[in-house]
Amino acid sequence: MSATLRPSGALKSYIGERDEVQVESGRTVRETLVLLGIPPEIIALVVVNGEQQAKDYVIQEGDTIKALAVIGGG
Amino acid sequence: MLNGYGGQILRVNLTEGKISKEPTPPELARDFIGGRGFGAYFLFKEVPKGADPLGAQNKLIISSGPFSGMLVPGGGKCDWTTKSPLTGGYASASLGGHFTAEMKYAGLDSIILEGISPKPVYLFIEDDKIELRDAADLWGKGAIQVEKQFKDKLGEEYQVAVIGPGGEKLVSYASINHDYGRQAGRGGVGTVMGVKKVKAIVIRGTRSVPVADKEAYRQAGMALYKACKEAEFLPEWTRYGTTVVTSWCDEVGALPTRNFSAGSFEGGKTLYGPVMRETIVITDKGCFGCPSPCGKYSRSKKYNLEVEGPEYETIGMMGSNLGISDIEAVAKLNLLCDDLGIDTISAGSAIGWAMECYEKGIFTQKDTDGLDLKFGNVEAAFSLVEKIANKEGLGALLSEGVKKASKKIGQGSEKFAIHVKGMEQSAYATHNATAMLISYMTSDVGAHHNRAWAITYDLQVGRDKVVPEKVARVIWLQNFRPMFDVLGGCRLQWVELGIDRDLYVPAIEAITGIRRTWEDLEKTGERIWNLTRLFWARENEDFGREWDMPAPRFYEEPPTTGVTKGQITKLEDVNKLLDMYYEQRGWTSEGMPTSAKLEQLGMAELVA
């Protein structure tokens with residue numbers, strides 16, 4: 001039961017500089033981010049399978065989740 | 001021949017109708033590079049101390065940079081600098097679109113408008129054919145209508161920068177409109193164009209630009225475009241543009257709500273980027289050479305209009321800040337401001353302030369020309385925008401900006417006039433975001449976000465923390481980020497797409513023949529920052545620490561609703577932030593550059 005989370009560039013440091021990480025389905029995006037140690041409030045946009053979703057979206061098996069942080073700019 | 005430059009400075013003496021050109025000094029290009037650097041230099045050196053912003057001695061300086069019109073992503077920016085009629089200090093507004101490319105191809109690095117024309121004119125530039133032409137029949141017309149008129153007559157390849165009635169009537173925050181929906185918006189650059197009686201600048205150039213190393217230039221440019229095209233979040237940034245951050249600001253309590261009395265808006269959801277995209281956006285629109293077009297063209301069926309926008313700043317200032325949750329109403333306010341030629345940020349702030357005065361009983365319907373100025377009253381907001389641009393009734397007071405308006409009205413209204421140095425704060429609420437707060441407090445034009453968008457850093461390190469690292473981050477951003485405005489490029493590919501900034505270094509070298517690392521560029525940024533600070537001090541006798549203070553709302557009045565409910569930055573912390581900032585800048589406790597700092601930056605002679 002897994003899905004793929006792909007964080008934007010500046011967030012990769014939270015997952016060991018990897019491009020993506022496998023996450024469990026059945027949790028919300030927000031809960032998943034917290035488990036990974038990524039503060040949800042720095043995520044501006046969550047895109048699941050190409051569609052924008054809220055952080056309360058419950059992850060389904062096989063989903064590809066992109067999390068866009070706004071920390072890289074400034 | 002100056003590689004990467006048009007090679008000439010154009011001077012237009014409007015009083016005498018005299019037009020002249022001079023070669024761009026190589027040492028100016030070496031030390032100030034272009035764009036905002038050229039603007040700051042000419043302003044400091046050529047506008048005499050004490051010049052009236054609305055007098056003949058003030059100048060309007062328009063400058064392209066080495067990236068303008070070149071094979072560099074976002075090379076569509078130019079800088080508009082003047083002594084601000086809104087603040088009495090330094091004003092510099094960045095304009096996107098296609099104007100700067102035509103400047104470059106016409107061989108112009110700066111256009112300097114001097115004096116005051118005795119009658120309305122427009123400046124026509126087609127390579128070496130440069131003329132002041134009569135604009136009597138254009139005076140009084142809307143900016144969008146005038147641009148269309150020129151394009152219909154001359155063709156799409158001519159670029160037009162034009163003021164609306166707000167600029168003609170000298171609204172203190174009049175903007176300059178271009179490409180139908182792009183503006184040099186802040187600080188009253190359009191006001192200065194208006195007082196000079198220049199309705200428009202129409203420009204077309206056909207020359208090539210000399211570059212130092214053509215093959216290296218091609219390679220460096222292609223590497224930058226490739227990085228943009230491969231950026232993982234390019235589709236999302238293109239789809240939503242700056243409105244990506246609307247929902248995020250609401251979520252973290254940074255969305256200005258009812259004149260910045262809160263940072264989250266109960267009606268915010270209908271203003272979010274995805275809602276806007278689905279309901280009103282019809283296409284994307286980019287500036288010259290842009291691989292990630294952030295502009296959104298929208299159509300409102302409700303109001304029967306089309307407009308470029310609204311962007312995040314306009315959504316924040318003319319949506320939530322006015323208690324308005326209808327994105328179509330925001331689109332209409334956006335179009336009204338663009339066509340009338342006034343800045344949406346300052347206008348949104350002025351109307352928000354007036355609405356709060358009304359709700360508090362400081363204004364009654366007698367003061368508002370009968371308008372029921374409650375937050376959320378869309379029709380009243382439409383009406384007030386027109387009144388501001390035409391300086392009618394309450395609009396005349398609001399056209400002066402919230403600092404002057406609140407001083408006239410008093411009754412405590414100064415406390416909720418949201419500005420720094422007289423410039424209305426842009427769309428980030430800073431009740432509990434100390435890095436963004438010090439960024440606004442110390443920005444070189446007043447409370448504008450584009451120098452250091454530090455609010456993200458607040459979220460990273462703890463929003464209420466008052467630590468030297470935050471101040472250091474803001475100073476680094478202030479030195480580095482405006483270098484895009486110096487180079488004539490757009491910073492959004494770096495901010496949004498996360499492009500490695502080192503990719504720009506070979507492009508600068510290939511174009512100009514001068515190798516500049518980011519360390520060198522940041523040093524230039526620091527010199528310009530100190531120069532503009534000295535300009536503020538020279539032009540304002542009482543300039544000092546007090547000028548850097550934020551609106552009292554952010555240290556006295558915690559929001560009673562939303563995510564930041566009950567949160568505030570203590571006055572003691574505001575002062576601590578300033579102390580740290582001055583110390584790290586090498587300035588005195590009153591915020592003035594020390595002679596040692598100026599010596600270290602090699603500026604002692606320049607400012608003597």
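The sections below set out a description of the structure shown in this document. Keep in mind that what you see is a predicted model, and the values were worked out from it rather than measured. (Residues numbered from 1 in each chain as written. Chains lettered and ligands numbered in written order. Predicted model: local features only at pLDDT ≥ 70, side-chain atom pairs only at ≥ 80, totals over all residues.)

Tallying the contact residues gives 17 residues for chain A and 20 residues for chain B. For the side of chain A that touches chain B, the element with the most residues is strand β3 (residues 43-48) of chain A, which contributes 3 residues. Residues belonging to the side of chain A that touches chain B are distributed by class as follows: 9 nonpolar, 6 polar and 2 charged. (Contact = placed C-beta atoms within 7 Å. Helix = DSSP H or I, 4+ residues; strand = E, 2+ residues; numbered from the N terminus. Nonpolar A, V, L, I, M, F, W, Y, C, P; charged D, E, K, R; others polar.)

This next bit is on the environment of B:Asp31. Residue and element names in this part refer to chain B. Locating Asp31 in the fold gives a position in helix α1 (residues 26-32). On the basis of neighbour count, Asp31 is assigned to the partly exposed category, with 16 C-beta atoms found within 10 Å. Between the C-alpha atom of Asp31 and that of Glu469, which follows or precedes it by 438 residues, the distance is 29 Å. (Buried ≥ 20, exposed ≤ 12 C-beta atoms within 10 Å, placed from the backbone.)

With that out of the way, let us pick up the pairing of strand β1 (residues 8-13) of chain B. Residue and element names in this part refer to chain B. Where β1 lies against strand β2 (residues 18-23), 6 bridges are found, and the strand directions are antiparallel. Across the sheet, Gln8 pairs through a bridge with Pro23, a residue of β2. Between the antiparallel neighbours β1 and β2 lie 4 residues, among them Gly17 with a positive phi of about 70°. Taken together, the 6 bridges between β1 and strand β6 (residues 108-114) define a ladder with parallel strand orientation. Directly across from Ile9, in β6, lies its bridge partner Ser110. (Pairing = 2+ DSSP bridges.)

This part is about the sheet that holds strand β11 (residues 182-184) of chain B. Residues and elements named next belong to chain B. One open sheet accounts for 6 strands, arranged β8-β7-β12-β9-β10-β11; its pairing is mixed. A single partner strand is all that each edge strand has here, and the edge strands are β8 (129-134) and β11. The average angle at which neighbouring strand axes cross in this sheet is 20°, direction not considered. Judged from the 6 bridges that link them, strand β7 (residues 121-126) and β8 form a sheet pairing that is antiparallel. Opposite Glu126, over in β8, you have Lys129 as the bridge partner. Each of β9 (159-162), β10 (176-178) and β12 (198-204) touches helix α4 (residues 143-154); the most contacted strand, β9, lies at about 155° to it. (Axes fitted to C-alpha atoms, helices over the stretch in contact; angles between N-to-C directions.)

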